[in-house]
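For reference, the chains in residue letters:
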2 protein chains.
Amino acid sequence: MTRMKRTALGRFPCSVARTMDLLGDWWTPLVLREVFYGVHRFDEIQRALGIARNTLADRLTRLTAEGLLDRVPYQDKPARHEYVLTEKGRDFFPVLAAMVRWGDKWLTAEEGVPVDLVHSCGQRAHAKTVCSECGELFTADTVRSRMGPGFPAELAGKPEVQARFT
Amino acid sequence: MTRMKRTALGRFPCSVARTMDLLGDWWTPLVLREVFYGVHRFDEIQRALGIARNTLADRLTRLTAEGLLDRVPYQDKPARHEYVLTEKGRDFFPVLAAMVRWGDKWLTAEEGVPVDLVHSCGQRAHAKTVCSECGELFTADTVRSRMGPGFPAELAGKPEVQARFT
DNA sequence: ATACTAGGGTTGTTCTAGTGAACCCAGCTG
DNA sequence: CAGCTGGGTTCACTAGAACAACCCTAGTAT
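These lines cover the structure that appears in this document, whether it is placed above or below. On a predicted model such as this, the values are computed, not experimentally measured, just so you know. (Residues numbered from 1 in each chain as written. Chains lettered and ligands numbered in written order. Predicted model: local features only at pLDDT ≥ 70, side-chain atom pairs only at ≥ 80, totals over all residues. Heavy atoms only, no water.)

**A short note on the layout of surface pockets**
Point 1. One number sums up the size of the largest pocket: a volume of about 540 Å³.
Point 2. Lining of the largest pocket is provided by 28 residues; of these, A140(A), V143(A), S145(A), F36(B) and Y37(B) occupy positions nearest its centre.
Point 3. A total of 5 residues in the lining of the largest pocket trace back to one element, the largest contributor, which is helix α7 (residues 93-106) of chain B.
Point 4. A per-class count over the lining of the largest pocket returns 16 nonpolar, 5 polar and 7 charged. (1 Å grid on protein atoms, 1.4 Å probe; cavity = no way out; pocket = protein on both sides within 12 Å on 5 of 7 lines; lining within 4 Å. Points joined across faces, edges and corners; volume = space filled by probe spheres on them. Helix = DSSP H or I, 4+ residues; strand = E, 2+ residues; numbered from the N terminus. Nonpolar A, V, L, I, M, F, W, Y, C, P; charged D, E, K, R; others polar.)

**A closer look at the interface of chain B and chain A**
Point 1. The interface of chain B with chain A comprises 93 residues on the first partner and 93 residues on the second.
Point 2. Taken together, both faces of the contact between chain B and chain A bury some 8,400 Å²; the carbon and sulfur share is 66%.
Point 3. Put simply, K105(B) and D91(A) hold a salt bridge, and the shortest N to O gap is 3.2 Å.
Point 4. Between chain B and chain A we count 32 residue pairs in polar contact (both at pLDDT 80 or more) in total.
Point 5. The element best represented in the side of chain B that touches chain A is α7(B), accounting for 13 residues.
Point 6. Here the residues of the side of chain B that touches chain A are counted per class, giving 49 nonpolar, 19 polar and 25 charged.
Point 7. Summarising the sheet, strand β4 (residues 127-131) of chain A and strand β4 (residues 127-131) of chain B pair through 5 bridges and their orientation is antiparallel. Within β4(B), the residue paired with A127(A) across the bridge is C131(B). (Contact = heavy atoms within 4.5 Å. Buried area = accessible area lost by both parts, 1.4 Å probe. Salt bridge = Lys/Arg side-chain N within 4 Å of Asp/Glu carboxyl O. Polar contact = N/O pair within 3.5 Å; in protein donor to acceptor, adjacent residues only side chain to side chain. Pairing = 2+ DSSP bridges.)

**Some thoughts on the side chain of D25(A)**
Residues and elements named next belong to chain A.
Point 1. Tracing the backbone shows D25 in the loop between α2 (15-23) and α3 (28-36).
Point 2. You can call D25 buried: its relative accessible area is 9%.
Point 3. In this structure the side chain of D25 is engaged in a polar contact, spanning 2.3 Å, whose partner is the side chain of R59. (Buried < 20%, exposed > 50% of the residue type's maximum accessible area, 1.4 Å probe, protein only.)

**Considerations on the packing of aromatic side chains**
Point 1. With the rule as written, the count across this model stands at 10 aromatic pairs over all chains.
Point 2. Between F36(A) and F93(A), the ring centres sit 5.2 Å apart and the planes meet at 65°, which makes this aromatic pair edge-to-face. On the criterion of sequence distance, the pair formed by F36(A) in helix α3 and F93(A) in helix α7 (residues 93-106) is long-range, its members being 57 residues apart.
Point 3. On the basis of relative accessibility, which here comes to 17%, the residue F36(A) falls in the buried class.
Point 4. With centroids separated by 5.3 Å and ring planes inclined at 85°, the aromatic side chains of F92(A) and W102(B) adopt a geometry described as edge-to-face. With F92(A) in the loop between α6 (87-90) and α7 and W102(B) in helix α7, this residue pair bridges two chains.
Point 5. F92(A) gets classed as buried once you look at its relative accessible area, which sits at 5%.
Point 6. Pairwise contacts between aromatic rings join F36(A), F93(A) and F138(B) into one cluster. (Phe/Tyr/Trp six-rings, centres within 6.5 Å; stacked < 30°, edge-to-face > 60°.)

**Some thoughts on the relation of the copies chain B and chain A**
Point 1. Overlay of chain B on chain A (RMSD 0.1 Å): rotation 180°, translation along the axis 0.0 Å. On this basis, the relationship between the two copies can be described by a two-fold rotation axis. Within chain B, T129(B) has its C-alpha nearest the rotation axis, a separation of 2.3 Å.
Point 2. A symmetric contact is evident, with 100% of the interface residues of chain B recurring at the interface of chain A. (Least-squares fit on C-alpha atoms with pLDDT ≥ 70 in both.)

Shown next as structure tokens:
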């Protein structure tokens, strides 16, 4: 994992970089999407995505080690396992949903979106991102950032760092 | 761009894959984050991220070509430009916000989050993902997927593809 | 004249993520 | 016994992503 080094030396820490460190390669989000879709078994995922077997094995191992997936046995006679989402893994759904929303809106040709999402309210729907406190839209121009408690002290003093938090 | 090939031959099309094709490398989301933060100039971004100059040039060119950024001159004497978000680019904010939310929740050590987000309502807040229609939470277990109008016809017939949309 | 700035382009090297193909093993099936 | 399935592992190879270092152009300040 080269990426760990980058964040470690990283000029500027944030959860985007940390998240990309863990899940930011091409396959990982797709593997997660499959599991969200209810595709839980190694060979099913492999066939569905056309991913190389060792690459998939690596992704599943990593996702399990990071606590997004659990490897649970579903039969005993020949030991077989399937991969199910943990709470940490299920909680990643909004990120995928936001990506789907963006892609559906901006990358869709005339024939329409490849996949429709249906919410439990019965409507065809998409993800909408709102403020956790007031419920209004959470957009680039309604959100400001401030240094948080976990901001690295050695960076907090630098003028160019402070400049961006005004 | 190897990735274009993958989606092209892709067993299973979706906006996650399409979005990852465009923006799914390690640096692109970080470059976008900088621009969201108001860091608009080449050298500023380069210093802030510690990214190699040619890599940054490539990302900026790509983001501009894809229509997420505009390259606008801000002075003439020596021609200088800065990169500003288009509507397509600004609309990507929810994806970053969802990533930040997930990272803040699951990857934060005891010292707390590195960056606080403040919404225009005045509260410290985070992104919340809700159904565009009813406003209730948009989560893995409240959302089902169906084939959309843009689903490739040659795949729609296959039994293993249909199996996942039941 | 010199040096410095902003915004790149170019070159050459390294490194690694992904790949296909082969192999392995356990346990059912015929 | 042979072969298939599920779930992997090991190997050798390669395309391309990132990097450092240097060059370039215009203007500007010293």
